[in-house]
2 protein chains.
Amino acid sequence: MKDKIIHAIQDEYEEDFAHCYGCGRLNEKGLHFRTGWLGDQTVTIFKPQEEHSAIPGFVYGGIIASFIDCHGTGSAALALHREKGYEPGDKVAPPRFVTARLHVDYLKPTPQDSPLRAIGRLEKLHPKRWKVHTEVFAGESLCAKGYVEAVVMPDTFKI
Amino acid sequence: MKDKIIHAIQDEYEEDFAHCYGCGRLNEKGLHFRTGWLGDQTVTIFKPQEEHSAIPGFVYGGIIASFIDCHGTGSAALALHREKGYEPGDKVAPPRFVTARLHVDYLKPTPQDSPLRAIGRLEKLHPKRWKVHTEVFAGESLCAKGYVEAVVMPDTFKI
């Protein structure tokens, strides 16, 4: 299993869209989730920091929800970008999605001492709305699963 | 509408359970969500910081998910504590819940410049499992709604 994303979609979001607390490369205090292709699935990798605990030793559920959230919007952006003929690394600004719906089932306590991997499977609901089914692993252990319904960012989000 | 929680359940969690990134009073880098009663509903109030953006000016969905998450576990703890005859402020250690399921529907972009309020309605599914239906407001505007299914912390969570 790869342990680092080489070409992440978040590396190529336009600057105005790169300040997300979850995945914005320009948010200095953010989590810096980065999402790339893994065959026809998607992957995001994250090493929780000490403060990201529920109780010491176990990852906070809100961090897992955030991980699934940005993995979902990033995966949807990867998918629509590919439909248009582009891949991360092509230096073409990708589409930017936002989250309409997020669901997480916490299956077992998630240990804090190993990197987390989110693995996504894409389902196209509409040309501008994608559902990303995601499993979160700590090592080989499936700790959470969920989905995001992501939509192309509406004009109401723009300042 | 009150703008500060006087007696929050998180103020009285036992020290081992007070390190949560979302609501732990002993987590120096955490978000410090605090949840109290509002009649027979529950309320949590949070002022997002500048870094908690999706894009500048709007709150990140993962922060909203985290807000609903800890509001849910805190609300369930309030409810079970009350069932046992206690209220926050009584200086009796309350039960500690964890999240089994989290669902969020993002209804509109959430502006970052005003405090958020989560308002919870409790549904008892089982003596140790509660569902907390939550609406998130920025000012008077309903921006997100969702629910948490919270369970009394299982032994597998203890180190």
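These numbers come from a predicted model, not from an experiment.

Enquirer: Honestly, the nonpolar core in this entry has me stumped. Any pointers?
Expert: For soluble globular proteins, the rule of thumb is that nonpolar side chains tend to be buried together. Within the largest apolar cluster, 88 residues are counted, with the highest numbers of intra-cluster contacts made by Ile64(A), Phe67(A), Ile68(A), Ile64(B), Phe67(B) and Ile68(B). With near-sequence residues (within four places) excluded, Ile64(A) lies in contact with Val59(A), Val104(A), Thr110(A), Val136(A) and Ala144(A).

Enquirer: When you look at the interface of chain A and chain B in this model, what are you seeing that I'm missing?
Expert: Interfaces are often sized by the amount of accessible area the parts lose when they come together. Tallying the contact residues gives 39 residues for chain A and 39 residues for chain B. Broken down by secondary-structure element, the contributors of at least two residues to the side of chain A that touches chain B are helix H1 (61-83) and strand S3 (97-106) of chain A. Broken down by element, the side of chain A that touches chain B gets its largest block of residues, nine residues, from S3(A). When the residues that make up the side of chain A that touches chain B are grouped by side-chain class, the tally is 19 nonpolar, 13 polar and seven charged. In terms of strand pairing, S3(A) meets strand S3 (residues 97-106) of chain B through five bridges, oriented antiparallel. Considered in S3(B), the bridge of Val104(A) is made with Leu102(B).

Enquirer: For this particular structure, what's the right way to read H1(A)?
Expert: One turn of the α-helix equals 3.6 residues, which is why residues spaced by three or four share an orientation. All names here are of chain A. The terminal C-alpha atoms of H1 lie 33 Å apart, and with 23 residues this matches the ideal 33 Å at 1.5 Å per residue to within 8%. Buried residues dominate H1, accounting for 20 of its 23 residues. A positive phi of about 100° marks Gly-85, the residue just after H1.

Enquirer: I tried to follow the environment of Leu26(A) on my own but got confused; where do I start?
Expert: Of note, Leu26(A) is situated in the segment before strand S1 (35-38). Each C-alpha atom of the pair Leu26(A) and Glu15(A) lies 7.7 Å from the other, and the pair is 11 residues apart in sequence.

Enquirer: Even after reading the chapter, I still don't get the relation of the copies chain A and chain B, so can you show me in this structure?
Expert: Each of the two chain copies goes to the other by way of a rotation about an axis and a shift along it. Between chain A and chain B, the superposition needs a rotation of 180° and an axial shift of 0.0 Å, giving an RMSD of 0.0 Å. The two molecules are tied by a two-fold rotation axis, judged by turn and shift. Nearest to the rotation axis, the C-alpha of His103(A) is located 2.2 Å from it, this being the minimum over chain A. Both copies share a contact surface, since 100% of the interface residues of chain A are interface residues in chain B too.

Enquirer: What is the right way to read the sheet that holds strand S4 (residues 116-126) of chain B from this model?
Expert: Sheet strands associate in pairs through backbone hydrogen bonding, adopting either a parallel or an antiparallel arrangement. Read from one edge of the open sheet, 12 strands run S1(A)-S2(A)-S4(A)-S5(A)-S6(A)-S3(A)-S3(B)-S6(B)-S5(B)-S4(B)-S2(B)-S1(B), paired in antiparallel fashion. At either end of the open sheet lies a strand with only one pairing partner, and these are S1 of chain A together with strand S1 (35-38) of chain B. Going across the sheet, the axis of each strand differs from the next one's by a mean of 30°, ignoring polarity. In the packing of H1(A) onto the sheet, contacts are made with S1, strand S2 (41-46), S3, strand S4 (116-126), strand S5 (129-138) and strand S6 (141-152) of chain A together with S3 of chain B, and the angle to S3(A) comes to roughly 135°. Along the sheet, helix H1 (residues 61-83) of chain B contacts S3 of chain A together with S1, strand S2 (41-46), S3, S4, strand S5 (129-138) and strand S6 (141-152) of chain B; its crossing angle with S3(B), the most-contacted strand, is approximately 135°.

Enquirer: Can you help me understand the pairing of S4(B) in this one?
Expert: Note on strand geometry: in a regular strand, side chains alternate between the two faces of the sheet. Residues and elements named next belong to chain B. Here S2 runs beside S4; their pairing, made up of five bridges, is antiparallel. Its bridge partner lying in S4, Ile-45 is registered against Arg-117. In this structure, S4 lies alongside S5, joined through 10 bridges in antiparallel fashion. If you follow Arg-117 over to S5, its bridge partner there is Phe-137. Taking the residues that link successive antiparallel strands as the turn, the S4-S5 hairpin has two residues.

Enquirer: Got a minute to help me understand unusual backbone geometry in this structure?
Expert: Glycine aside, negative phi is the norm for most residues, and most peptide bonds take the trans geometry. Residues and elements named next belong to chain B. Located in the positive-phi region is His-32, a residue other than glycine, with phi close to 60°. Mapped onto the secondary structure, His-32 falls in the segment before S1. By C-beta crowding, His-32 is classed as partly exposed, having 17 other C-beta atoms within 10 Å. Positive phi, normally seen in glycine, also occurs at Lys-91, with a value near 60°. With respect to the helices and strands, the residue Lys-91 is situated in the loop between H1 and S3. In this structure Lys-91 comes out as exposed when scored by C-beta crowding, with 8 C-beta atoms within 10 Å.

Reading guide: rules and limits
Residues numbered from 1 in each chain as written. Chains lettered and ligands numbered in written order. Predicted model: local features only at pLDDT ≥ 70, side-chain atom pairs only at ≥ 80, totals over all residues. Core = buried A, V, L, I, M, F, W, Y, C linked by C-beta atoms within 7 Å. Buried ≥ 20, exposed ≤ 12 C-beta atoms within 10 Å, placed from the backbone. Contact = placed C-beta atoms within 7 Å. Helix = DSSP H or I, 4+ residues; strand = E, 2+ residues; numbered from the N terminus. Nonpolar A, V, L, I, M, F, W, Y, C, P; charged D, E, K, R; others polar. Pairing = 2+ DSSP bridges. Expected span 1.5 Å × (residues − 1). Least-squares fit on C-alpha atoms with pLDDT ≥ 70 in both. Axes fitted to C-alpha atoms, helices over the stretch in contact; angles between N-to-C directions.

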